[in-house]
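Descriptive structure summary
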Amino acid sequence: EQQEKWVPRAVNMEIIGTYAQTELGHGTFLRGLETTATYDPNTEEFVLNSPTLTAYKWWPGGLAHTANHCVVVAQLHSKGVNHGVHPFIVQIRDEDTHMPLPGVKVGEIGPKLSFSTANNGFLGFDNFRVPRDSMLMKNAQVLKDGTYVKSRLSKLTYGTMVFIRVMIVTDMAYYLSVGATIAIRYSAVRHQSKPKENEPEPQILDYVTQQHKLFIALASSHAFRVTGQWLWTTFVRVNKALTSGNADTLPELHAVACCLKAVTTRDAASMVEACRMSCGGHGYMTSSYLPILYGITTAACTYEGENTVLLLQTARSLVKAWQKGSKGKPLSPTEAYLMDKSPVPKWENTLDGIIAGFRRVSAGKVQDCVSKIDKLVKMGTSYEDAWNQTSVRLVAASEAHSRAVILATFRAEVSRAAAALSPPLARVLHQLVHLYTVYWALERVGDLLLYTSIAERDVQELQQQYEDLLQKIRPNTVGLVDAFDLRDEILNSTLGAYDGRVYERLMEEALKSPLNAEPVNQSFHKYLKPFMQGKL
Ligand SMILES: Cc1cc2nc3c(=O)[nH]c(=O)nc-3n(C[C@H](O)[C@H](O)[C@H](O)COP(=O)(O)OP(=O)(O)OC[C@H]3O[C@@H](n4cnc5c(N)ncnc54)[C@H](O)[C@@H]3O)c2cc1C
């Protein structure tokens with residue numbers, strides 16, 4: 001009934017909505033939200049209130065001046081009992097005049113690092129009444145007399161959160177494709193320095209350090225796209241089971257979606273920033289689009305679950321799995337490797353060898369965390385404090401797990417897809433998988449030295465493999481970013497356009513500055529001249 005009421009109006013764009021959960025005082029800790037929705041059975045309405053300054057909603061995109069409706073997450077009170085946070089669909093502005101409704105205080109939160117056009121807003125309520133059917137009642141319900149009916153499955157509400165995290169992994173693949181396209185095209189156009197006096201200045205793309213900064217962004221874009229697709233397939237399967245009341249596979253999906261969201265957003269943000277720096281000074285120009293892209297990408301480390309908090313959620317699942325596995329109980333497929341008790345095998349510098357190595361690292365780190373927590377608890381520390389004191393290691397274990405998942409998925413999915421591709425295309429994709437895997441082995445060599453049998457000789461060989469791969473991939477890099485097929489209007493970048501007219505576009509954009517409209521700015525007459533003449 002509620003879908004019939006709201007969905008067609010939203011789809012027809014008769015109403016514009018946003019999702020208002022975060023408050024000034026609380027984002028991560030949902031139970032700490034302070035907005036209240038108190039049921040009044042006499043009028044069959046909920047009364048919304050923001051009892052404190054920190055109860056104000058803060059951040060929702062489009063909330064400030066765009067949306068006229070929103071989903072508000074509030075503490076539900078009925079018959080004097082607090083039933084915890086629940087979602088309500090609330091009209092906040094008049095549909096005709098767009099004026100905020102009486103009892104609604106809404107506005108804009110101010111300038112941000114990026115997302116300038118997102119119109120993020122704040123929202124407070126003062127005894128604002130909404131009808132009973134404003135509460136989204138697919139799961140939990142409040143009956144007319146105020147009786148609260150619990151959700152069939154309390155975990156059902158996780159579905160949407162997981163869905164968005166799945167989408168974010170794919171978004172990161174896209175943002176990296178944008179960053180890589182801009183920086184690689186620019187690096188093909190830009191010539192700098194003269195390593196050999198009698199030869200022309202080389203393209204900066206020929207500097208191996210430049211390749212080291214950029215090719216990993218290109219490979220990561222593919223890795224994240226493939227992982228995103230795999231996660232999506234898993235999500236669809238779990239969701240199907242959920243709708244028939246089976247939530248058995250939800251915890252595993254939740255755990256893997258949390259760490260993949262965290263690792264892909266952090267990698268994407270740092271690699272987009274590396275793309276920006278790889279373009280030297282011009283990368284700092286807004287017209288390059290790279291600073292804007294960084295702002296958009298780094299925001300994803302915070303929204304839809306702050307990254308550290310998400311990694312700790314995965315860690316909780318890994319610790320539980322470890323405890324379960326130690327009692328001989330079966331583990332979910334993505335965590336089953338934790339219980340591999342075989343002796344550490346001889347190191348192999350192959351893709352499978354490196355993936356197996358990352359699993360050893362993850363399992364070793366989880367075991368280390370469990371031992372530390374157990375030791376602290378035995379010494380009388382509370383579990384919560386022991387958890388906190390172990391949390392740096394827990395985050396590292398969770399990240400290692402995520403790396404093992406991405407590496408294995410990227411390898412498996414590309415190998416599967418390669419069968420249907422032309423041999424040259426399959427070869428290039430394999431090179432990207434290889435580069436991605438060896439890059440992370442070298443980045444995490446300390447962990448591999450701790451938990452596997454890798455030796456100095458193997459590391460030197462891996463370093464050589466990596467440098468050979470950069471050389472092999474170099475001739476195809478421009479082709480590989482062209483293959484992302486991003487239109488110039490989408491890239492919106494002076495440095496990354498298809499025609500490579502970098503310098504012309506930089507100058508054209510500079511000339512659009514209002515400051516260039518007149519040869520002498522009024523500030524000269526008002527301040528500079530009197531200052532220079534000592535008359536200020
Ligand atoms: C661009 C952008 C768009 C957004 N859009 C929306 C929107 O549309 N709707 C909406 O409702 N919200 C939105 N948000 C808000 C966003 O969801 C929250 O900012 C996010 O959930 C993080 O919560 P927080 O700000 O309270 O951070 P906090 O939780 O206060 O985090 C601050 C620090 O504390 C640490 N921390 C917190 N809890 C723990 C813990 N248990 N263990 C260890 N460390 C911890 C974190 O790791 C972090 O380092 C948006 C935010 C941004 C930046």
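Residues numbered from 1 in each chain as written. Predicted model: local features only at pLDDT ≥ 70, side-chain atom pairs only at ≥ 80, totals over all residues. Heavy atoms only, no water.

Describing the environment of Lys-535
The test is simple: Secondary structure is summarised from DSSP: a helix means a run of H or I of at least four residues, a strand means a run of E of at least two, and numbering begins at the N terminus for each. Relative accessibility decides the category of a residue: with a 1.4 Å probe and only protein chains considered, values under 20% of the type maximum give buried, values over 50% give exposed, and everything between is partly exposed.
Structurally, the position occupied by Lys-535 is in the segment after α15 (522-532). Look at Lys-535 and you get exposed, because its relative accessible area is 62%. Sequence separation between Lys-535 and Pro-41 is 494 residues; the distance between their C-alpha atoms is 74 Å.

What about the sheet that holds strand β7 (residues 104-108)?
Just so we agree on the cut-off: Following DSSP output, two strands are said to pair if at least two bridges run between them.
Read from one edge of the open sheet, three strands run β4-β8-β7, paired in antiparallel fashion. Looking at which strands have only one partner, the edges of the open sheet turn out to be β4 (57-58) and β7. Bridge count between β4 and strand β8 (residues 121-125): two bridges; the pairing is antiparallel. The residue bridging Trp-58 from the neighbouring strand is Phe-122, located in β8.

A few points about the pattern of salt bridges
Formally: The term salt bridge refers to a side-chain nitrogen of Lys or Arg lying within 4 Å of a carboxyl oxygen of Asp or Glu.
With the rule as written, the count across this model stands at 24 salt bridges. A salt bridge links Asp-482 to Arg-185; its shortest N-O distance comes to 2.8 Å. On the criterion of sequence distance, the pair formed by Asp-482 in helix α12 (residues 477-482) and Arg-185 in helix α2 (residues 158-189) is long-range, its members being 297 residues apart. You can call Asp-482 partly exposed: its relative accessible area is 26%. The exposure class of Arg-185 is buried, given its relative accessible area of 8%. For the salt bridge of Glu-399 with Arg-266, the shortest nitrogen-to-oxygen distance reads 3.2 Å. One end of the pair, Glu-399, is in helix α8 (residues 383-418); the other, Arg-266, is in helix α4 (residues 250-278), and 133 residues separate them in sequence. Judged by relative accessible area, Glu-399 falls into the buried class, the value being 11%.

What to know about helix α5 (residues 290-299)
So the rule is basically this: Should any heavy atoms of two residues lie within 4.5 Å, those residues are considered in contact.
With seven of 10 residues buried, α5 lies mostly within the body of the structure. Within the sequence span of α5, burial applies to Leu-290, Leu-293, Gly-295, Ile-296, Thr-297, Thr-298 and Ala-299. Looking at the buried positions of α5, the neighbouring elements they touch are α2 and α4.

What to know about the packing of aromatic side chains
Just so we agree on the cut-off: Centres within 6.5 Å are what make two rings of Phe, Tyr or Trp a pair, Trp counting through its six-membered ring; a difference in plane orientation under 30 degrees is then read as stacked, over 60 as edge-to-face, and the rest as tilted.
Inspection of every chain in the model, using the stated rule, returns 14 aromatic pairs. Pairing Phe-163 with Phe-235 gives two aromatic rings, centres 5.6 Å apart and planes at 50 degrees, and the pair type is tilted. Of this pair, Phe-163 sits in helix α2 while Phe-235 sits in helix α3 (residues 208-243), and the two are 72 residues apart along the sequence. Using a relative accessible area of 30% as the deciding quantity, one classes Phe-163 as partly exposed. Taking the relative accessible area as the measure of exposure, Phe-235 reaches 7% and is therefore buried.

Digging into the side chain of Glu-23
Residue placement: Glu-23 occurs in the loop between β1 (19-20) and β2 (36-40). Classification of Glu-23 by relative accessible area gives buried; the value is 2%. What Glu-23 contacts, discounting residues up to four positions off in sequence, is Leu-33, Glu-34, Thr-35, Thr-54, Ala-55, Tyr-56, Lys-57, Trp-58 and Val-73.

Quick look at the nonpolar core
Applicable threshold: Take the buried residues of types Ala, Val, Leu, Ile, Met, Phe, Trp, Tyr and Cys, join any two whose side-chain atoms come within 4.5 Å, and each joined set is a nonpolar core.
In terms of nonpolar packing, the biggest core is built from 113 residues, with Phe-224, Leu-231, Leu-338, Leu-394, Leu-435 and Tyr-436 touching the most fellow members. Of all the elements, α2 adds the most residues to this core, at 15 residues. In this structure, Ala-37, Leu-48, Ala-74 and Ala-140 belong to the second largest nonpolar core, which totals 24 residues.

With respect to the site of the ligand
The test is simple: Proximity is defined per residue: any heavy atom of the residue falling within 4 Å of a molecule or strand makes that residue near it. By the criterion applied in these results, polar contacts are pairs of N or O atoms within 3.5 Å in which, for protein atoms, one can donate a hydrogen and the other can accept it, and in which residues neighboring in sequence qualify only through two side-chain atoms. All accessible areas in this document rest on Shrake-Rupley with a 1.4 Å probe, and a residue is counted as covered only by the protein chains that are shown.
Around the ligand lies a shell of 18 residues, among which Tyr-19, Gln-21, Thr-22, Thr-28 and Glu-306 are the nearest. Gly-27 places a main-chain nitrogen or oxygen 3.0 Å from an oxygen atom of the ligand. Here an oxygen atom of the ligand sits 3.2 Å away from a polar atom, N or O, in the main chain of Gly-61. For the ligand, whose accessible area on its own is 970 Å², the fraction buried by protein is 61%. Looking at the shell around the ligand, the elements that each hand over two or more residues are β1 and α6 (307-326).

Quick look at the environment of Gly-80
Topologically, Gly-80 is positioned in the loop between β5 (69-78) and β6 (81-91). The exposure class of Gly-80 is exposed, given its relative accessible area of 78%. Separated by 41 residues in sequence, Gly-80 and Tyr-39 have C-alpha atoms that sit 9.2 Å apart.

Some remarks on the side chain of Ser-114
Position of Ser-114 relative to the elements: it lies in the loop between β7 and β8. With relative accessibility at 9%, the residue Ser-114 sits in the buried group. With residues up to four places along the chain from it excluded, the contact list for Ser-114 reads Ile-292, Gly-295 and Ile-296.

Things to note about the packing of helix α9 (residues 423-443) against helix α11 (residues 456-473)
For the record, the criterion: A fitted line through C-alpha atoms serves as each axis, taken over the contacting stretch for helices, and the angle formed by two N-to-C directions is quoted from 0 to 180°. Crossing handedness: left-handed means the near helix sits turned counterclockwise from the far one by under a right angle, and right-handed means the same turn made clockwise. When residues are grouped by polarity, Ala, Val, Leu, Ile, Met, Phe, Trp, Tyr, Cys and Pro land in nonpolar, Asp, Glu, Lys and Arg in charged, and all others, Gly among them, in polar.
One can describe the packing of α9 onto α11 by two numbers: an axis separation of 9 Å at closest approach and a directional angle of 145 degrees. The hand of the α9/α11 crossing is left-handed. The segment α9 lies against α11, with Gln-431, Leu-432, His-434, Leu-435, Val-438, Tyr-439, Ala-441 and Leu-442 engaging Val-459, Leu-462, Gln-463, Gln-465, Tyr-466, Leu-469, Leu-470, Lys-472 and Ile-473. Classifying every residue of the contact of α9 with α11 gives 12 nonpolar, four polar and one charged.

Quick look at a nonpolar patch on the surface
What counts is decided by this rule: Exposure above 30% relative accessible area and no salt bridge define the residues that can form patches, which grow by joining like charges within 9 Å and nonpolar side chains of Val, Leu, Ile, Met, Phe, Trp and Tyr within 5 Å.
Taken together, the side chains of Tyr-527, Leu-528, Phe-531, Met-532 and Leu-536 make up a nonpolar region of the molecular surface, amounting to roughly 620 Å² of accessible area. Inspection of the secondary structure assignment puts Leu-536 in the segment after α15.

Some details on the packing of α6 against helix α7 (residues 351-378)
Operational definition: Roughly parallel means an angle under 35 degrees; roughly antiparallel means over 145; roughly perpendicular covers 65 to 115; every other angle is labelled oblique.
Interaxial distance between α6 and α7 falls to 10 Å at its minimum, and their mutual angle equals 85 degrees. Relative to α7, α6 is oriented roughly perpendicular. Counting all contacts with α6, which are made through Leu-318, Val-319 and Trp-322, the residues of α7 involved are Ala-363, Val-366, Gln-367 and Val-370.

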